[in-house]
Amino acid sequence: MFKSFFPRPHLFFTSAVIWSLAAVLAWYGFADDLGGPLGFGTMPEDVLPPVGLRFFITPGFLWFYVYYAVCTGIFCGVWSLLARNHPWRLWSVWGSALIIFTTYFSVQVSVAINNWRRPFGDTLQNALQGDKGVTAGDFYSLMLSFAEIVSLSVTLYIVTRFFVSHYIFRWRTAMNDYYVSKWSNVRHIEGASQRIQEDTMRFALIMEGLGVSMIDAVMTLIAFLPVLFALSGYVQTLPIIGVIPAPLFTMAILWSLFGTVLLAVVGIKLPGLEFHNQRVEAAYRKELVYGEDHEDRAQPATLAQLFSNVRRNYFRLYFHYLYFNLTRSVYLQADNLFTYFLLVPTMVAGTITYGIVQQILTAFGQVSSSFQYLVNSWTTIIELLSIYKRLKGFEVSIAERESLFSRGADGPVSGPVDGA
């Protein structure tokens, strides 16, 4: 699954995580401040970020482009040398770096939209309060800035999805070529055709959505946590708790962790039931397949027993989903009001404007949803793990057959049970 596309996958992914973490820590630790001394310029801290496309050509952004290019060039350059004989190194190494950059840039587009919310909200508030200094041109200018940002967002989304689709299909092609190259040894393994065609296809389709979503969640945290930390300066007191350091930043993390742990505990039985569901469905399907070629198989009593196992497992799933969905719905509804609840003392004191409130709501929601990524995507993750388990069993069977052939043995080898 992985070594067909990525060079030395265990080492590659481990080094990628370590290098990325080091680069992020270095950026927020000291590298972010090096732009000025290096000639990229700086922006005064008391000046609000520009609204519109100018946000992406500020001195800080220009320095970040160079910093990312240097870090990426070093990592990908080293791996290109280490894996110079790997046929997919350009897609797996350099393609992955490009996807990470475009995903981060798309998150920054969301940050730019969040920056736009403040002047638009404040202008709207002033207009509704009868401020004669607000003109129609002010609104049209802000709407034009929004259109510019959205145009960039749409273009980036289309281009990224197009590239990711090709990237994932190359990954599927690598898996397909790897398994097909061993067809003479694996053709007798039970379910080989389904593993090569169906499971690689489903693996690729899930990774296309789930993988990008995971990167997007991580990049959203990297981009919006500093924003939320800065916005915490507008909030001095929280209900019940009182004064704490960086209140919005702290409560976003605590609230998100609370929801993640709560839903993980409530849904602790669901992953096992989902895995078992794959087994009982596979056993029922397998008996029907055997019944197509053998008259003594797929007898009514056998099929009734196998289908009763399917029914029993689904009814258990329905029951456990009942209280899981109840808990999840209550938490998500509470999540809609939680940020407003935190802002009640500040809003009553009249120390923030409508535009700042909109910024806080968006940033808090982005951070919360990113922390809740695993919970929101867990059903898809379970399906991916099930496919991974089947393909892993298939690869074990391939290794066993190759080991037998290397010792001079021959004959069919039973592979993993379909769906196990």
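The structure displayed is predicted, hence computed values, not measured ones.

## Some points on the layout of surface pockets
In step 1: One number sums up the size of the second largest pocket: a volume of about 1,400 Å³.
In step 2: As for the second largest pocket, its lining consists of 39 residues, and the residues nearest its centre are Asp32, Pro49, Phe55, Pro226 and Val227.
In step 3: Contributing elements (two or more residues each) for the lining of the second largest pocket: helix H1 (9-29), helix H2 (59-82), helix H3 (89-128) and helix H6 (192-231).

## Here we look at the state of the cysteines
In step 1: According to the stated counting rule, one finds 0 disulfides in the structure shown.
In step 2: Cys71 forms no disulfide, and the closest cysteine sulfur to it belongs to Cys76, at a distance of 11 Å.
In step 3: With a relative accessible area of 2%, Cys76 lands in the buried category.

## Considering a nonpolar patch on the surface
In step 1: Taken together, the side chains of Trp19, Val66, Val70, Ile74, Val78 and Leu82 present a nonpolar region at the surface, about 500 Å² in accessible area.
In step 2: Looking at the element boundaries, Leu82 is found in helix H2.

## So, H1
Residues three or four positions apart in an α-helix share a direction because the helix packs 3.6 residues into each turn.
In step 1: With 21 residues, H1 ought to run about 30 Å at 1.5 Å a step, and its terminal C-alpha atoms sit 29 Å apart, in line with that.
In step 2: The set of residues buried in H1 consists of Pro9, Phe12, Ala16, Ala23, Ala26 and Trp27. Down the axis of H1, the buried side of the element spans an arc of 130°, and every buried residue falls inside it. Structural note: H1 exposes His10, Val17, Ile18, Leu21, Leu25 and Gly29 on the side pointing more than 90 degrees away from its buried face.

## Notes on the packing of H1 against H2
Packed helices, taken two at a time, are described by the angle their axes make and the gap between the axes.
In step 1: Between H1 and H2, the least distance of the axes is 11 Å, while the angle of their chain directions is 155°. Considered as vectors, H1 and H2 are oriented roughly antiparallel to each other. For H1 against H2, the interelement crossing comes out right-handed. Contacts from Leu11, Phe12, Ser15, Ala16, Trp19, Ala23, Ala26 and Trp27 in H1 reach Gly60, Trp63, Phe64, Tyr67, Cys71, Ile74, Phe75 and Trp79 in H2.
In step 2: Residue composition of the contact of H1 with H2, grouped by class: 14 nonpolar, 2 polar and no charged.

## Regarding the UniProt feature "transmembrane region" (unreviewed entry) in the protein
In step 1: Following the UniProt record, the feature "transmembrane region" (unreviewed entry) maps to residues 55-81, 93-113, 139-164, 203-228, 248-268 and 337-357 here.
In step 2: Split by type, residues 93-113 is 100% helix and 0% strand. Its first and last C-alpha atoms lie 31 Å apart.
In step 3: A distance of 13 Å separates the end C-alpha atoms of residues 337-357, which is 81% helix and 0% strand.

## Brief notes about the confidence of the model for the protein
In step 1: Averaged over the protein, the pLDDT score is 83; the fraction of residues at 70 or greater is 94%.
In step 2: Long-range and interchain partners of residues 409-420, a stretch whose pLDDT sits below 50, account for 35 contacts in this model, where long-range means more than four residues apart.

## Some points on a positive patch on the surface
In step 1: There is a patch of like positive charges on the surface, built from Lys269, Arg311, Arg312 and Arg316.
In step 2: Since its relative accessible area comes to 44%, Arg311 is described here as partly exposed.

Parameters and conventions
Residues numbered from 1 in each chain as written. Predicted model: local features only at pLDDT ≥ 70, side-chain atom pairs only at ≥ 80, totals over all residues. Heavy atoms only, no water. 1 Å grid on protein atoms, 1.4 Å probe; cavity = no way out; pocket = protein on both sides within 12 Å on 5 of 7 lines; lining within 4 Å. Points joined across faces, edges and corners; volume = space filled by probe spheres on them. Helix = DSSP H or I, 4+ residues; strand = E, 2+ residues; numbered from the N terminus. Disulfide = S-S within 2.5 Å. Buried < 20%, exposed > 50% of the residue type's maximum accessible area, 1.4 Å probe, protein only. Patch = residues over 30% accessible without salt bridge, like charges linked within 9 Å, V, L, I, M, F, W, Y side chains within 5 Å. Areas by Shrake-Rupley, 256 points an atom, 1.4 Å probe, with all protein chains shown as cover. Salt bridge = Lys/Arg side-chain N within 4 Å of Asp/Glu carboxyl O. Expected span 1.5 Å × (residues − 1). Arc of directions from axis to C-beta. Axes fitted to C-alpha atoms, helices over the stretch in contact; angles between N-to-C directions. Parallel < 35°, antiparallel > 145°, perpendicular 65-115°, else oblique. Left-handed = near helix turned anticlockwise from the far one by under 90°. Contact = heavy atoms within 4.5 Å. Nonpolar A, V, L, I, M, F, W, Y, C, P; charged D, E, K, R; others polar. UniProt positions renumbered as here; feature names shortened; annotations may be inferred. pLDDT = per-residue confidence, 0-100. Lys, Arg positive; Asp, Glu negative; His and termini not counted. Charge placed at Lys NZ, Arg CZ, Asp CG, Glu CD.

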